[in-house]
Amino acid sequence: MSTIDSSLPKMVEPQSSASMQVPDASGRFGDFGGRYVPETLTRALDELVVEYQKARNDPDFQAELDELLHRFVGRPSPLYHAKRLSGLIGGAQIWLKREDLNHTGAHKINNTLGQALLTLRMKKTRVIAETGAGQHGVASATACAHFGLPCVVYMGAEDVRRQKPNVFSMRLMGAEVRPVESGSKTLRDAVNEAMRDWMSSVEHTHYIIGSVIGPHPFPQMVRDFQSVIGKECREQCLSSIGRLPDAIVACVGGGSNAAGMFYPFIQDTSVRLIGVEAGGRGAQSGEHASPLTFGSPGVLHGSYSYVMQDDDGQTSDVHSISAGLDYPGVGPEHSYWKDTHRVEYTSCRDDEALGAFDLLARNEGILTALETCHALAKAAEIAKTMSRDEHLVICLSGRGDKDAAELARLRGQQW
Amino acid sequence: MTAIDDLFAKLRASGKKAFMPFVTAGDPNMAFTSKVITRLQELGCSMAEVGFPYSDPIADGPVIQASYTRALGNKLKLQQIFDQIQTDKANWSMPLVAMVSYAIIHRQGPESFIMAAKQAGFCGAIVPDLLVEESPKMSSLCRKHDFNLIQLVTPTTPPDRALRIAEASSGFLYFVSVTGITGERTQLPEGLVDRVGWLKARTSLPICIGFGISTPEHVRLLAPVSDGLIVGSAIVRCLESASSSEEQALQNAGQLVSSLLAALET
Ligand SMILES: Cc1ncc(COP(=O)(O)O)c(C=O)c1O
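Attention here is on the structure that accompanies the text. This one's a predicted model, so the numbers in the text were calculated from it and none came from an experiment. Just so you know, the residues in each chain are numbered from 1, in the order the chain's sequence is written. Throughout, the order in which chains and ligands are written sets their labels, letters from A for the former and numbers from 1 for the latter. The predicted origin of the model limits local features to residues at a pLDDT of at least 70 and limits the giving and counting of side-chain atom pairs to 80 or more, whereas totals for whole chains, interfaces and linings rest on all residues. Calculation of side-chain values draws on the structure's entire complement of heavy atoms; hydrogens and water are dropped beforehand.

## Topic: the overall build of chain B
The secondary structure listing takes helices from DSSP runs of H or I that are at least 4 residues long and strands from runs of E that are at least 2 residues long, numbered from the N terminus. Across its full length, chain B holds twelve helices and nine strands. Against the 2.2 N^0.38 benchmark of 18 Å for 266 residues, chain B shows a C-alpha radius of gyration of 17 Å, consistent with a compact globule. Two residues form a contact once any of their heavy atoms are found within 4.5 Å. The long-range share in chain B, meaning contacts at least 24 apart out of those at least 6 apart in sequence, stands at 73%. Note on areas: these come from Shrake-Rupley sampling with a 1.4 Å probe, and a residue is covered only by the protein chains present in the view. For chain B, the accessible surface area stands at approximately 10,000 Å², while carbon and sulfur atoms represent 52% of it. What the globule rule says is 2.2 Å times the number of residues to the power 0.38, and the radius of gyration is computed from C-alpha atoms.

The structure is reproduced here in C-alpha cells:
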C-alpha cells in the first residue's frame, strides 16, 4: 500500500483562497462550471435558477424539507465514534458520519427530496434521473413515490447488472428503469440518455441530477441540498469532541457527498479536507476514474471541470469497481477547491477499497457501499499518521447491502 | 465576408433557397466522406454541414449517435478530418460548415481550432452546446479570423432571447424545428412556420431550419419561410450501409437528396 504522506503533505498553516460565495450568477466556481448545453434546455435551467432562489428564501419550503428530512429520512444522521477501528489503526480517533442510516441507505435522498419539492413548485409532472450505483435512482424513485410523480431512471446496462438489488427496489416503488446500452454502459452513458430525454420532455419534466455535476444551477443546488451533512456534522463535532475535527475524508464520484460534507467547513482552514477518487486498477488512462488526480480541465455534461479526455476532447473510458464512482467527470466546485488548494484529492485502488470493506464489516459490524470504501481505505492510512488525540471524520455515504452479490461474484463465492 | 455570406447574398438575389445536407465525418472513413461531399455538390446542394464525431452528443438522436460511434470506433482523429478536407477542397465550390461540440473546440483551444478549421477549408462552425452567454470569446475570435459562428434558436427560446441570439450569430441562424434531439420526424410541430416568420421579419440574417426534416412535404412547407433547409439523420441513415457497399449507400443518399432538392425547386 502506498502511504498517503508523500502525496499529501500535511498543511501546517493552510493557505486557501477558496470562497463560499460561489458560484457567481453565471454558475462559475472560479473558472469552472458554467453552462454548456443545447439552447433547448436554457429556458428550463433559467426557470430552475429562479424557482430555486425563491425556494431558498421561502421559510415554508425549508420547513417542509426539514420536516421530511427528519421524519421521513431519519435525520440527523448520527456521528458515531468508531472506537474499535480507531484502536486497531492506532492513530486518530475515527468518527463516522452515518449517511448509510438514512432512509434508502445513502446520502442521495437529501438531494432528491429537495429537487422533488422544486418539481412540484415548478408544476412539472414527470421526473427523470440517471443512476450509477442505483442509490440515486432509488432515492429518486422514493421521492417520486412519496409525492406521486412518475419517474424514469436511466441506468447503464453494466450497472443494472452489478447493482441489481437497487434496480428491483426502484421498480417496486413504481419507477421505470431504462437500461442504457450505448458506450461503456455505465453512469456517463446514463447521464447522456437522461439529457436526451430532457431535450424532448423539458417542458413538463424535471431532471433530478444526482450529483454536483451538470449545467448551472445543478452543481450549486445539489451542493446546497447535501450540505445538511456538513452542517450537522460540524455541530455534532462541536458537541461530541468539543471542537472541530482535524481531518475529514469523503469519496468523490460526481462529488455530492463530499461537497455536502466539505462545504460548511470551507472556511475552517484548520480542518484538512480530503476527497478520494476511484483509482481502479492503476494510474494508466482507462484503468481508473480519477479526473482530479489524473485528468485536465475540459467540458463534459454541461460544465467545465476536470475530466478524463483524449487530446481530441473525446471522453475517455474509465474504470472503477464501484458503479457510483465509475465516471470520467467531477463537479466543478471540486475543481475549484483543487486549484485553490482548499481540498486535497487522492485516489484509492479497487483492491484497497475491497480491503476496507472487510475492515469495517469485521471490526465495527457495518457493511459499507463500495463507493464509500474508497474513503475508508484512505482515511485508515491518514489516521495512522495522526496522533490519538486528533480526530478524523469519514463521510459514510452509503450502506453496502447493494454490493453483496457483486462482492460474492468478485470473490468467486456463492451468493 | 465568408463564402457563406456570399452564398446567401446570391441565393437571395435570385430568389432561391439553400439546401444543406449534414454528413458525419469519417463514417466509416474520411475518404468516403469526401466522396459523399462531392456527390452532394454534383446533385446541386448549396452547402454541406460536416459533423465532427463526439463521444457524448446530447443533442443527437440514435441515427447520428450511431454514426459518431462508428467513426470513433474506427479511431477517427480530428487531424484526419482536417487533412482530408484540405486535400479535397479544390473539388468543391460549395462552402462547408463544421458541426462540432464545444468539448472538442476547448481541448484544441478556440483560436487553434478556428485557424485549423479555416485552413482546412471550413467557413464556419455550428457549436450546439455553446450558448449565447458562453460565446462572446469564441465570437470575437471568429470575427478576427473571418469565420462564421452560427448560433441556434429553438422552440423553447423566448422571443427576446431569439433576437439576441440572431444578433450574435453570423453566416446564418440555425432555427431548430423541434423541442428535442436530431432524428427524422413524420410531423413537424404546429406553429413552426409562424415562429420562423416572426423572427425572419426581425432580422436580416438568413434563417435555415433543421432537425427532423426528412420528406419533400417538409421541404415544401418550410422553404417559403426560410433561407435554407438542413437535413441530417435522413441522409446519415442512407449512408449507414457504406461499409458493405459504398456505391449503394451513395445511391440511396443521392435519391433522397434529389427528391428533396426537387421539392425545393417547386
Ligand atoms: C453510497 C454512495 N457514495 C458515493 C457515491 C458517489 O456519488 P457522489 O460523489 O456524488 O457522492 C454514490 C453514487 O452512487 C453512492 O451511492
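Having seen the structure, we can now continue with the description.
## Examining the environment of A:D403
Residue and element names in this part refer to chain A. Within the fold, D403 resides in the loop between β14 (391-396) and α17 (404-410). With relative accessibility at 2%, the residue D403 sits in the buried group. Not counting residues within four places of it along the chain, the set of residues in contact with D403 comprises Q163, T368, A369, L370 and E371. Side-chain atoms alone can form a polar contact between residues adjacent in sequence; in general such a contact is a pair of N or O atoms within 3.5 Å, and within protein one must be able to donate a hydrogen while the other accepts it. A polar contact is formed between the side chain of D403 and the backbone nitrogen of L370, at a distance of 2.9 Å. Here the term buried applies to any residue with accessible area under 20% of the maximum for its type, exposed to any over 50%, and partly exposed to those in between, with areas from a 1.4 Å probe on protein chains only.

## A short note on the interface of chain B and chain A
Contact residues are listed per partner, giving 35 residues for chain B and 34 residues for chain A. The term buried area denotes the loss of accessible surface (1.4 Å probe radius) that occurs when two parts are joined, taken as the sum for both partners. Taking both sides of the interface into account, the surface hidden between chain B and chain A amounts to around 2,900 Å²; carbon and sulfur atoms contribute 48%. Contact with chain A buries surface across chain B, with B:I58, B:R107 and B:T156 losing the most and accounting together for 24% of the total. Salt bridge, as used here: a side-chain nitrogen of Lys or Arg that lies within 4 Å of a carboxyl oxygen of Asp or Glu. Where chain B meets chain A, there are six salt bridges. Two residues, B:R161 and A:E39, come together in a salt bridge whose shortest N-O distance is 2.8 Å. Our count for the contact surface shared by chain B and chain A stands at 23 residue pairs in polar contact (both at pLDDT 80 or more). Put simply, the parts of the chain that give the side of chain B that touches chain A at least two residues each are α3 (62-73), α5 (102-108), β6 (152-153) and α8 (159-168) of chain B. The element that contributes the greatest number of residues to the side of chain B that touches chain A is α5(B), accounting for six residues. Here the side of chain B that touches chain A is composed, by residue class, of 19 nonpolar, nine polar and seven charged. Think of it as three bins: nonpolar holds Ala, Val, Leu, Ile, Met, Phe, Trp, Tyr, Cys and Pro, charged holds Asp, Glu, Lys and Arg, and polar takes everything else, Gly as well.

## A short note on the sheet that holds strand β13 (residues 343-349) of chain A
Residue and element names in this part refer to chain A. Overall, mixed pairing links the six strands, which are arranged β3-β4-β14-β9-β10-β13 in an open sheet. Of all the strands in the sheet, the pair left with one neighbour each is β3 (79-81) and β13. Going from strand to strand, the sheet's axes swing by 25 degrees on average, the running direction of each strand aside. In this structure, strand β9 (residues 247-251) lies alongside β14, joined through three bridges in parallel fashion. Bridge pairing links I248 to V393 in β14. Running over the sheet, helix α11 (residues 228-240) touches β3, β4 (93-98) and β14 and is turned about 140 degrees from β4. A fitted line through C-alpha atoms represents every axis, and for helices the fit uses only the stretch in contact; the resulting angles, taken between N-to-C directions, go from 0 to 180 degrees. Against the sheet, helix α15 (residues 350-364) makes contact with β3, β4, β10 (272-280), β13 and β14, and its axis sits at roughly 90 degrees relative to β13, the strand it touches most. Here the rule is simple: two strands pair whenever DSSP picks up at least two bridges between them.

## With respect to the sheet that holds strand β8 (residues 205-207) of chain A
Residues and elements named next belong to chain A. As summarised here, the arrangement of the four strands in space is β7-β6-β5-β8, forming an open sheet in which the pairing is parallel. Of all the strands in the sheet, the pair left with one neighbour each is β7 (176-180) and β8. Taken pair by pair, the neighbouring strands of this sheet meet at an average axis angle of 25 degrees, ignoring direction. Pairing between strand β5 (residues 126-131) and strand β6 (residues 151-156): five bridges, direction parallel.

## Some words on the packing of aromatic side chains
We call Phe, Tyr and Trp rings a pair once their centres come within 6.5 Å, taking the six-membered ring for Trp, and we label the pair stacked below 30 degrees between planes, edge-to-face above 60, and tilted otherwise. All told, the structure shown has 16 aromatic pairs over all chains when counted by the stated rule. Their ring planes at 55 degrees and their centres at 5.8 Å tell us that B:F8 and B:F172 sit as a pair that is tilted. With B:F8 in helix α1 (residues 3-13) and B:F172 in the loop between α8 and β7 (173-176), this pair connects stretches of sequence that are 164 residues apart. Residue class for B:F8 comes out buried when judged on its relative accessible area of 3%. Owing to a relative accessible area of 0%, B:F172 belongs among the buried residues under this scheme. We call a charge positioned over a ring when the NZ of a Lys or the CZ of an Arg lies within 6 Å of the ring centre and within 35 degrees of the ring normal. Positioned over the ring face of A:Y263 is A:R223, at 3.9 Å from the centre of the ring. Cation over ring: A:K338 sits above A:Y306, and NZ or CZ is 5.4 Å from the ring centre.

## Considering helix α9 (residues 192-200) of chain B
All names here are of chain B. Of the residues making up α9, those classed as buried are L192, V196 and L199. Along the axis of α9, the buried residues cluster in a sector spanning 65 degrees; they form a single face. Along its buried surface, α9 packs onto β6, α8, β7, β8 (207-210) and α10 (216-222). Think of the arc as the fan of directions from the helix axis to the C-beta atoms.

## Things to note about unusual backbone geometry
Note that the residue after A:V22, namely A:P23, is joined by a cis bond; omega there is 5 degrees. Among the structural elements, A:P23 can be located in the loop between α1 (4-7) and β1 (28-29). The residue after B:D27, namely B:P28, is reached through a cis peptide bond having omega 0 degrees. In this fold, B:P28 is placed in the loop between β1 (18-24) and α2 (30-43). Phi is positive for A:K123, which is not a glycine, with a value near 60 degrees. Structurally, the position occupied by A:K123 is in the loop between α5 (108-121) and β5.

## Topic: the pairing of strand β12 (residues 303-307) of chain A
All names here are of chain A. Burial analysis of β12 places five of its five residues in the buried class, the great majority of the element. Relative to β12, strand β11 (residues 296-300) is paired through five bridges, and the arrangement is antiparallel. Note that in β12 the partner of G298 across the bridge is S305. Counting the residues that bridge the hairpin from β11 to β12 gives two residues, and of these H301 lies at a positive phi of roughly 50 degrees.

## Examining empty space enclosed by the protein
Whether a set of points on the 1 Å grid over the protein atoms alone is a cavity depends on a 1.4 Å probe fitting there but being unable to get out, while an open set qualifies as a pocket with protein on both sides within 12 Å along at least five of seven lines; lining residues are those with an atom within 4 Å of a point. Grid points are joined across faces, edges and corners, and a volume is the space filled by probe spheres set on the points. Summed over the entire model, instances satisfying the criterion amount to nine cavities of 30 Å³ or more. By volume, the largest cavity amounts to about 400 Å³. B:P57, B:A59, B:D60, B:M99 and B:P128 are, among the 34 residues lining the largest cavity, the residues nearest its centre. For the lining of the largest cavity, the secondary-structure elements that each account for two or more residues are β11 of chain A together with α3, β9 (228-231) and α11 (233-238) of chain B. Roughly 310 Å³ of internal volume is contained in the second largest cavity. Taken together, 29 residues form the lining of the second largest cavity, with A:H107, A:K108, A:A133, A:G324 and A:E371 sitting closest to its centre. For the lining of the second largest cavity, the secondary structure elements donating two or more residues are β5, α6 (135-147), α12 (256-262) and α16 (370-384) of chain A. Counted by class, the lining of the second largest cavity contains eight nonpolar, 17 polar and four charged residues.

## Some points on the pairing of β8(B)
All names here are of chain B. Residues I207 and I209 line one face of β8 and the alternating positions C208 and G210 line the opposite face, and both faces are buried. As paired strands, β7 and β8 are joined by four bridges and run parallel to one another. Directly across from F175, in β8, lies its bridge partner I209. Crossovers are described as right-handed under a simple rule: with the strands pointing away from the observer, the path leading from the first strand over the helix to the second runs clockwise. Read as a crossover between parallel neighbours, the route from β7 over α9 to β8 is right-handed. The pairing of β8 with β9 spans two bridges and is classified as parallel. If you follow C208 over to β9, its bridge partner there is G228. Tracing the backbone out of β8, into α10 and back to the parallel element β9 gives a crossover that is right-handed.

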